[in-house]
Amino acid sequence: MGKFAEACRHIGFEAMFTPRMVIAKAWVLKKHFDGFPKTSDFDLKKIELPNLKDGELLLESVFLSVDPYMRPYSQRDMKEGDIMIGTQVARIVESKNPAFAVGAFVVGNSGWRTHFISDGKDLQLLPSNWPESLPRSLALGTVGMPGLTAYFGLLEVCKMKPGEIVLVNAAAGAVGSVVGQLAKIGGCKVVGCAGSDDKVAYLKKIGFDEAFNYKTVKSLDEALRKASPDGYDCFFDNVGGEFASVAINQMKKYGRIAVCGAISQYNDSVPQKGPYVQIPMIFKELQMEGFLVTRWKNRQEEGVQALLKWVVEGKVKCHEQVTEGFENMPMAFIGMLKGENLGKAVVKV
Ligand SMILES: NC(=O)C1=CN([C@@H]2O[C@H](COP(=O)(O)OP(=O)(O)OC[C@H]3O[C@@H](n4cnc5c(N)ncnc54)[C@H](OP(=O)(O)O)[C@@H]3O)[C@@H](O)[C@H]2O)C=CC1
Ligand SMILES: CCCCC/C=C\CC(=O)/C=C/C=C/C=C/[C@@H](O)CCCC(=O)O
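This is a predicted model, so every value here is computed, not measured.

Brief notes about the nonpolar core
For step 1, the next point in the chain: Ranked by size, the top nonpolar core spans 51 residues in total, and within it W130, L154, L182, L203 and F236 carry the most contacts.
For step 2, the next point in the chain: Among the secondary structure elements, those contributing two or more residues to this core are β5 (105–108), α4 (145–158), β8 (165–168), α5 (174–185), β9 (189–194), α6 (197–205), β11 (232–237) and α10 (300–312).
For step 3, the next point in the chain: Here the element with the most residues in this core is α4; it accounts for 7 residues.
For step 4, the next point in the chain: The residues that make up this core include at least three from each of domain 1 (19–135 + 318–348) and domain 2 (145–294).

Here you go:
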C-alpha cells in the first residue's frame, strides 16, 4: 500500500479513495421461450463491474421498460445466457465523461440490469425542459419509444386527416392509448378495443368515442360495425392475427392500415393460418404498411417535444402499470404479455 493510501486508511478516509466496487444484478435469458414466456426461462445473475476508465460513466437503472418486442426479438437476436434486451431510465452515479454530469437522468438501451457502464454514445439525456413534477418513467412510455410509435405511425403511415375514423386495438396499452388521444387531437373519430371492462372504461375516460371489450363481444365483426357503421379510414394494428383479418373487411375504400405490431402471434409456436388479406385489399384499394419506429430516428426530437407538450398541457393523459422491484421483471414482462397492464408497463427498481 502506498504512503498516501496508508495515511488515508489511518485517518478513516479509505472509503473516499478506494474505488467503489459495484455489483450489478442482471436478468439473463436462461432458456429460449417456448410459447408463452415463463419465470423459469429467466435467471438472475450478479456481475461485478470494473472501475471506470476515462470517458466512461456508471449508471443506476431507476425504471426499466418491459415491451412486447422483447418476445420476438429475443428469439431472433439473443442466445441463451445473454442479458435480456431492453431500455431504462437511469441516473448517472459516477462520471469520467465531461459530457455527462453526475445526477443527470438518461434513457439507456442496456438491457435488464440494475447498474451498467457506458461510454455515453448509446445514451439519450432526458430533454432539458422535462418538468421536475413529471415522472421520468414517461420517457419509456408516452414521451418515449411507444409514444413516438403512435405519433409517427398515425402521421406518416396512417396519414390521418381530420374527420376520419380511426380504429386501434390493444388500445389501453402504451402505444394504443396514445394513438387514440393523438387521433382525437387530430380531429378524428376514434374506436378502441381492449381486453377488459376496466380498460374500456379507461378508454372512454380519456376521450375515445367508442370502445369495446374484444374478449366479451359476441361477434367482433358486429361490434366493429356497431362502433362505426360507415367503416374505418385508418386502422392502427397492434395485434394482427384474427382481429386484423376481421377488421380489414370493414375498412373504407382507400383506407390505410399501419401494421405496428402482431402481439396475438408473438407467442405462437405454430404460425397462424389465414384468412388472407389480398381480396379486401384489392376491392377496397387499401394501403397496408408495416413500420418500425426507428425509421424516424432523425425526427425523434420533434416527436418527443410534441408529446411532452401535449402531456404537460393535459391534452394527452398517461397511465402507467408500475411493478415494484427489479426481482419482479420477468413477472412484469409476462403480465404485460397477458394483458395485465393498463397503460405502459414499467418496473421501478
Ligand atoms: N412497430 C414498432 O416500431 C413498434 C411496435 N410496437 C407494437 O405495438 C403493440 C403494442 O405495444 P405496447 O403498447 O408497448 O404494449 P401494450 O402496453 O399494449 O401491452 C400489450 C397489450 O397487448 C394486448 N394483448 C396481448 N395479447 C393479445 C392478444 N392475443 N390479442 C389481442 N391483444 C393482446 C394486451 O391488452 P388487452 O388487454 O387489450 O388484450 C396487452 O396489455 C405490440 O404489438 C408491439 O409489438 C410497439 C412499439 C414499437
Ligand atoms: C423478429 C420479428 C419481429 C416482429 C415484429 C415485432 C415487434 C414490433 C415491435 O414491437 C418493434 C419495436 C421496436 C422497438 C425499438 C426500440 C429500440 O430501438 C429502443 C430505442 C431506445 C430509445 O431510444 O428509446
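Overview of helix α3 (residues 70–77)
For step 1, the next point in the chain: Of the positions making up α3, those classed as buried are M70, R71 and S74. Angular distribution of buried residues about the axis of α3 spans 105°; they occupy a single face of the element.
For step 2, the next point in the chain: Along its buried surface, α3 packs onto β3 (57–65) and α11 (329–338).

Looking at the site of ligand 1
For step 1, the next point in the chain: What surrounds ligand 1 is a group of 27 residues, the closest being K199, Y214, Y266, V293 and N341.
For step 2, the next point in the chain: The separation between an oxygen atom of ligand 1 and a polar main-chain atom of V175 is 2.7 Å.
For step 3, the next point in the chain: Here an oxygen atom of ligand 1 and a side-chain polar atom of Y266 are 2.6 Å apart.
For step 4, the next point in the chain: Its free accessible area being 910 Å², ligand 1 has 90% of it covered by the protein chains.

A look at unusual backbone geometry
For step 1, the next point in the chain: Geometrically, the link from G274 to P275 is a cis peptide bond, its omega value of 20° lying close to zero.
For step 2, the next point in the chain: Tracing the chain through its elements places P275 in the loop between β12 (251–259) and α9 (278–284).
For step 3, the next point in the chain: Although it is not a glycine, K159 sits at a positive phi angle of roughly 50°.
For step 4, the next point in the chain: Its place among the elements puts K159 in the loop between α4 and β8.
For step 5, the next point in the chain: K159 sits in the partly exposed class, given a relative accessible area of 44%.
For step 6, the next point in the chain: One non-glycine residue, E285, adopts positive backbone phi at about 50°.
For step 7, the next point in the chain: Of note, E285 is situated in the loop between α9 and β13 (287–290).

Digging into the UniProt feature "domain: Enoyl reductase (ER)" (unreviewed entry) in the chain
For step 1, the next point in the chain: As annotated in UniProt, the feature "domain: Enoyl reductase (ER)" (unreviewed entry) corresponds to residues 35–347 in the numbering used here.
For step 2, the next point in the chain: Between the C-alpha atoms that bound residues 35–347 there is a distance of 23 Å. The span itself is 28% helix and 25% strand.

A closer look at the side chain of Q88
For step 1, the next point in the chain: Within the secondary structure layout, Q88 lies in strand β4 (residues 88–95).
For step 2, the next point in the chain: At 2.9 Å, the side chain of Q88 and the backbone nitrogen of S110 are in polar contact.
For step 3, the next point in the chain: When residues no more than four places from it in sequence are discounted, the contact partners of Q88 are S61, F63, L64, V106, V107, G108, N109, S110, G111, R113, F116 and L140.

Overview of the sheet that holds β11
For step 1, the next point in the chain: Strand order in this open sheet of 6 strands is β10-β9-β8-β11-β12-β13, and the pairing throughout is parallel. A single partner strand is all that each edge strand has here, and the edge strands are β10 (210–213) and β13. Along the sheet, successive strands turn relative to each other by an average axial angle of 15°, direction set aside.
For step 2, the next point in the chain: Two strands pair when backbone bridges link them, and β8 and β11 are joined in this way by 3 bridges, in the parallel orientation. Within β11, the residue paired with V168 across the bridge is F236.
For step 3, the next point in the chain: Here helix α7 (residues 220–227) sits on the sheet and contacts β8, β9, β10 and β11; the angle it forms with β10, its principal contact strand, is near 165°.

Here we look at α5
Helical geometry note: an α-helix holds 3.6 residues per turn, so side chains three or four residues apart project in the same direction.
For step 1, the next point in the chain: In this model, α5 (12 residues) spans 17 Å end to end at C-alpha, consistent with the 16 Å of a helix rising 1.5 Å per residue.
For step 2, the next point in the chain: In terms of residue burial, α5 counts as a mostly covered element, since 10 of its 12 residues are buried.
For step 3, the next point in the chain: For α5, the full list of buried residues reads A174, V175, G176, S177, V178, V179, G180, Q181, L182 and A183.
For step 4, the next point in the chain: Where α5 terminates, the next one or two residues include G187, which has phi positive at roughly 85°.

Definitions and limits used
- Residues numbered from 1 in each chain as written.
- Chains lettered and ligands numbered in written order.
- Predicted model: local features only at pLDDT ≥ 70, side-chain atom pairs only at ≥ 80, totals over all residues.
- Heavy atoms only, no water.
- Core = buried A, V, L, I, M, F, W, Y, C linked by side-chain atoms within 4.5 Å.
- Buried < 20%, exposed > 50% of the residue type's maximum accessible area, 1.4 Å probe, protein only.
- Helix = DSSP H or I, 4+ residues; strand = E, 2+ residues; numbered from the N terminus.
- Domains from an automatic or database assignment.
- Arc of directions from axis to C-beta.
- Contact = heavy atoms within 4.5 Å.
- Near = heavy atom within 4 Å.
- Polar contact = N/O pair within 3.5 Å; in protein donor to acceptor, adjacent residues only side chain to side chain.
- Areas by Shrake-Rupley, 256 points an atom, 1.4 Å probe, with all protein chains shown as cover.
- UniProt positions renumbered as here; feature names shortened; annotations may be inferred.
- Pairing = 2+ DSSP bridges.
- Axes fitted to C-alpha atoms, helices over the stretch in contact; angles between N-to-C directions.
- Expected span 1.5 Å × (residues − 1).

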